[in-house]
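Architecture at a glance
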Amino acid sequence: MSGLAYAQDEKMMTETEAIEKKLVIVELPNVKNARVDGQYGLVPYRERRKKWGVTVSLTYSSYEPVNYEPNFVTADFGDVYSTSDLPMLELAFVIKRNLSFGSLGVELAAGGYENDSDSVDLGESSLLLLPIRVGANLALDVLGPEPLFVPYVSAGAYLVYYREELAGNSYNGNTTPALYAHAGVSSSLNWIDQRSARMALEDSGIQTTSIFAEVQKQMASSVASDPDFEGDLSWAAGLRVEF
């Protein structure tokens, strides 16, 4: 059949031209069989998504460990550390079970934060935090044909690997797991370029790409000997891709 087969990209030929040339039109799954505004679009999100899905998120957070007491000097966190050299960045994965009202998921995330002392008088110390968290996620992602407005919440436990250094000395370890809670809203970007969204689904299995904003709260460890990395209520924003 290889000698008789012929494929034509839709960018080079219209549907009418294909019919006139008696070519076979292949209707791809998850694509509407009627054009809207001159192009083929995706079937509604509720219908095209599978029973199980995966999301990958990259998050920037305003988190600062303001309650942490530096180990090498007697001073508040803000007196030793001010502007962070590496703000809190986090990579998160969620395995989600899609349901009629939304989705339930299990999330795993890891992040990084780094800050160097800005006070010469208090010593040129550095602080590195590597938080890891595991929790559950609830998202109401089928409120409309597309996930343009998706409220969600997540909660679980986190621990922090920490390392503070000054003049070759170090103070390091990890905290006992403590509770965290996040709440936010995400919005799909598929409407910006529906053709690219359709191609992303066909070529890479990407259901939707979204931006999101949320508030975060990390609780302090219940173990008195652990450093206090609770911090204040912080905001976060990022990009999320669903497969």
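It should be noted that the structure appears before, not after, this text.
These lines cover the structure that appears in this document, whether it is placed above or below.

How each quantity is defined
Residues numbered from 1 in each chain as written. Predicted model: local features only at pLDDT ≥ 70, side-chain atom pairs only at ≥ 80, totals over all residues. Heavy atoms only, no water. Phe/Tyr/Trp six-rings, centres within 6.5 Å; stacked < 30°, edge-to-face > 60°. Helix = DSSP H or I, 4+ residues; strand = E, 2+ residues; numbered from the N terminus. Buried < 20%, exposed > 50% of the residue type's maximum accessible area, 1.4 Å probe, protein only. Core = buried A, V, L, I, M, F, W, Y, C linked by side-chain atoms within 4.5 Å. Contact = heavy atoms within 4.5 Å. Salt bridge = Lys/Arg side-chain N within 4 Å of Asp/Glu carboxyl O.

All right, on to the packing of aromatic side chains then. In total, this model carries 6 aromatic pairs according to the counting rule given. Between the aromatic rings of Tyr63 and Tyr113, the centroid separation amounts to 6.3 Å while the plane-to-plane angle is 75°, which identifies the pairing as edge-to-face. Linking Tyr63 in the loop between strand E3 (52–61) and helix H3 (77–80) with Tyr113 in strand E5 (residues 103–116), this pair joins segments that are 50 residues apart in sequence. What makes Tyr63 buried here is its relative accessible area of 6%.

Here the focus is the nonpolar core. Burial of nonpolar side chains together is a common tendency in soluble globular proteins. Core analysis: the biggest nonpolar cluster contains 17 residues, and Phe77, Leu127, Leu129 and Phe229 have the highest contact counts within it. Only H3, strand E6 (126–139), strand E7 (150–166) and strand E9 (178–188) provide two or more residues apiece to this core. If you tally residues by element for this core, the top one is E7, at 3 residues. The residues touching Leu127, leaving out its near neighbours within four places in the chain, are Pro65, Tyr68, Phe77, Tyr81, Tyr113, Glu114, Asn115, Arg163 and Glu164.

So, on to the pattern of salt bridges. Scanning the model with the defined rule gives 9 salt bridges in all. Notably, a salt bridge pairs Arg133 with Glu90, separated by 2.8 Å at the nearest N-O pair. On the criterion of sequence distance, the pair formed by Arg133 in strand E6 and Glu90 in strand E4 (residues 86–98) is long-range, its members being 43 residues apart. The two residues Arg133 and Glu90 agree in class, both being buried. The partner of Arg133 in a salt bridge is Glu107, with the nearest N and O atoms 2.8 Å apart. One end of the pair, Arg133, is in strand E6; the other, Glu107, is in strand E5, with 26 residues separating them in the sequence. One exposure class covers both Arg133 and Glu107, and it is buried.

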